[in-house]
Amino acid sequence: MAEVDGLMHRLEKAVIRLESVLSNSYSSSFQDKSIANGINGGVAPFVEAFDSLMTGALVDYIKNSKIIGGDVETHAGLVENAFKAERTFLLFASQHQKPSQTEEAFALKPISEQILAIQSFRERNRGSNFFNHLSAISESIPALGWIAMSPKPGPYVKEMTDAATFYTNRVLKDYKSTDARHVDWVKSYLNIWTELQAYIKEYHTTGVSWGNAIFSNPLPGAPSSQLCCPPPPPPPGPPPMSEFEVSKAKDDVSQDRSALFAQLNQGETITKGLRHVSDEEKTHKNPKLRSQGGAVRSPTKSHTPSPTTPQSPPHQSNSPLLELEGKKWRVEYQEGVAGLVISETELKQVAYIFQCKKTTIQIKGKINSIIIDNCTKLGLVFDDVVGIVEVINSKNIEIQVIGKVPTISVNKTDGCHIYLSENSIDCEIVSAKSSEMNILVPHDGDYKEFPVPEQFKTSWDGSKLVTEPAEMMG
């Protein structure tokens, strides 16, 4: 044990020394701002263009943030620091050839720290009156990580910008007719990313443009092997899935529901029971499977099965399906499967879950939308959805939100329990022709359950019909 402690102590000292050397190296590299690509005579054109973005779009956003004041102004100061760190990196890139992955990772560290500071500020100020403003920035600021993206940094910025629109739309909804300052703030902030995309398209189409000079002063003391990483992800979501065990079963339906979700509480071991599917068994790689089906009998002829031929099943069974078709994840005809996981997701993808029974599905990452159609006793856990989650013609559905979702729609469904996270507490839930719906909201480390009204009363007030939930009967 003492040897391990000694080794850890030496490693910590080595890291501190490397960071110190790196800091000194940056200071000496940027003291003379007149050196570009190793030649005296001003900065590189792509650095000048980034300066124009900072003195134009960024300054307008900071100005509008100061007009609003409060947390918005403070947050804008952190955003300004992040752009300054990015400008420093671009200047460094203009003066050197592309370094090793390890050296580049060290160079990216200041930007990652600024992004984390911006996101942490939002998390510390969840009670702020400007929470939607802070969230719009926190969701999109990882766009500054485009410098670590190749070969498509521009589309990456677009995806991060789209992630902010849910919150900017909320700001516009709240202030569009009451306070034009917030409308100007939204326009100026989104304009930053619009101009950044144009900037990347012109100067860094497939990745950061590095200088042509000989890399004569590499970062001293940096270790020889360490992968470069993009900026850190947003802070982790709410408590793990074991929260489903909080409420005890009240009837047979709730017992089935608890059993359904028990499999998800296994954590990382959830995939151990999954069987590898060979190419011959995949419908999208073996066309013969698509044409297979139960034998169809003629309605006008009688059939006597031979002693060696078993009778055909009374109904045609469909093959279970889990595949990515274009940008759509198709999950169909899964029955009695615990622990299906979709992990390789992208923002533009959608998930369509059709006729699944007694099955649990986990969708990791951030996708566009999810549709649950004609399912029974289905458990769904997902991280983030930027569009909508729809439940149609289903029974006994359990949904748990780990991250965020703006809207959940439930139609013609009997029995639907929705577990919201802290981040999704402002989710809008629309329902029609549905019963036994309950919304569970985080409360003191547990969940507090609220039923959705099923009965309504409508009356004429003299000029229009007024509909409101009927009072619950005791």
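An unreviewed UniProt entry lists the protein chain under the name C-CAP/cofactor C-like domain-containing protein, with Hymenochirus boettgeri as the source organism. Of the protein chain, the UniProt comment under Subcellular location (unreviewed entry) reads exactly: "Cell membrane". Quoted verbatim from the Sequence similarities (unreviewed entry) heading of the UniProt record, the comment on the protein chain is "Belongs to the CAP family."

Looking now at the confidence of the model for the protein chain. For the protein chain, per-residue confidence averages 78 on the pLDDT scale, and residues scoring 70 or more make up 68% of the total. Below pLDDT 50 for its whole length, residues 213-234 participates in 53 contacts with residues either more than four positions away or in separate chains. Note on residues 293-310: pLDDT under 50 across the span, and 7 contacts to partners over four residues away in sequence or across chains.

For the rest of this paragraph, the subject is the packing of helix H6 (residues 153-175) against helix H7 (residues 180-203). Interhelical geometry of H6 versus H7 gives an angle of 175° and a closest axis separation of 10 Å. By the angle between their axes, H6 is roughly antiparallel relative to H7. On H7, the residues that touch Pro 153, Gly 154, Val 157, Lys 158, Thr 161, Thr 168, Val 171, Leu 172 and Tyr 175 of H6 are Ala 180, His 182, Val 183, Val 186, Leu 190, Trp 193, Leu 196, Gln 197 and Ile 200. A breakdown of the residues in the contact of H6 with H7 according to their chemical character gives 12 nonpolar, 5 polar and 1 charged.

The full count for this structure, using the stated rule, is 17 salt bridges. A salt bridge links Glu 123 to Arg 126, with the nearest nitrogen and oxygen atoms 3.1 Å apart. On the basis of relative accessible area, Glu 123 is assigned to the partly exposed category, the value being 27%. A single network of salt bridges, built from pairs that share partners, joins Arg 122, Glu 123, Arg 126, Glu 139, Lys 366 and Lys 404.

Right, let's talk about the nonpolar core for a bit. In terms of nonpolar packing, the biggest core is built from 53 residues, with Tyr 61, Phe 83, Trp 146, Ile 192, Trp 193, Leu 196 and Tyr 199 touching the most fellow members. Elements represented by at least two residues in this core include exactly helix H2 (45-68), helix H3 (70-95), helix H4 (101-124), helix H5 (131-140), H6 and H7. If one sorts the elements of this core by residue count, H3 sits on top with 12 residues. When neighbours within four sequence positions are excluded, Tyr 199 is seen to be in contact with Phe 46, Ala 49, Phe 50, Leu 53, Leu 90, Trp 146 and His 204. Core analysis: the second largest hydrophobic core is formed by 33 residues, Ile 353, Val 389, Ile 418 and Val 441 among them.

This part covers the sheet that holds strand S14 (residues 428-432). What the 7 strands build is an open sheet, ordered S3-S4-S6-S8-S10-S12-S14; its pairing is mixed. Both outer strands of the open sheet, strand S3 (321-325) and S14, are each paired with one neighbouring strand and no more. Averaged over all pairs of adjacent strands, the angle between their axes in this sheet comes to 10°, without regard to strand direction. One ladder, built from 5 bridges, connects strand S4 (residues 328-332) with strand S6 (residues 350-354); its direction is parallel. Following the sheet pairing, Trp 329 is matched in S6 by Ala 351.

Okay, the sheet that holds strand S7 (residues 357-367) next. Here 7 strands make up an open sheet; going across it, the order is S5-S7-S9-S11-S13-S15-S16 and the pairing mixed. Strands with a single pairing partner mark the edges of an open sheet, and in this sheet they are strand S5 (338-342) and strand S16 (446-451). Shown here is a sheet whose adjacent strand axes are inclined to one another by a mean of 20°, direction ignored. Relative to strand S13 (residues 414-419), strand S11 (residues 395-401) runs parallel, the two being bridged by 5 bridges. By the bridge assignment for S13, Gln 400 is matched with Tyr 419.

Relative to the assigned elements, Thr 168 resides in helix H6. When neighbours within four sequence positions are excluded, Thr 168 is seen to be in contact with Ala 136, Val 186 and Leu 190.

Each aromatic ring pair is summarised here by two numbers: the centre-to-centre distance and the angle between the ring planes. Counted by the stated rule, this structure contains 15 aromatic pairs. Ring centres of Phe 50 and Phe 83 lie 6.2 Å apart, and the angle between their planes is 25°; on these two criteria the pair is classed as stacked. On the criterion of sequence distance, the pair formed by Phe 50 in helix H2 and Phe 83 in helix H3 is long-range, its members being 33 residues apart. One exposure class covers both Phe 50 and Phe 83, and it is buried. Seen in terms of ring centroids, Tyr 189 and Trp 193 are 5.9 Å apart; in terms of plane orientation they differ by 90°. Their pairing is edge-to-face. Of the two residues, Tyr 189 and Trp 193 are both situated in helix H7; the distance of 4 residues between them amounts to about one turn of the helix.

Conventions and cut-offs
Residues numbered from 1 in each chain as written. Predicted model: local features only at pLDDT ≥ 70, side-chain atom pairs only at ≥ 80, totals over all residues. Heavy atoms only, no water. UniProt positions renumbered as here; feature names shortened; annotations may be inferred. pLDDT = per-residue confidence, 0-100. Contact = heavy atoms within 4.5 Å. Axes fitted to C-alpha atoms, helices over the stretch in contact; angles between N-to-C directions. Helix = DSSP H or I, 4+ residues; strand = E, 2+ residues; numbered from the N terminus. Parallel < 35°, antiparallel > 145°, perpendicular 65-115°, else oblique. Nonpolar A, V, L, I, M, F, W, Y, C, P; charged D, E, K, R; others polar. Salt bridge = Lys/Arg side-chain N within 4 Å of Asp/Glu carboxyl O. Buried < 20%, exposed > 50% of the residue type's maximum accessible area, 1.4 Å probe, protein only. Core = buried A, V, L, I, M, F, W, Y, C linked by side-chain atoms within 4.5 Å. Pairing = 2+ DSSP bridges. Phe/Tyr/Trp six-rings, centres within 6.5 Å; stacked < 30°, edge-to-face > 60°.

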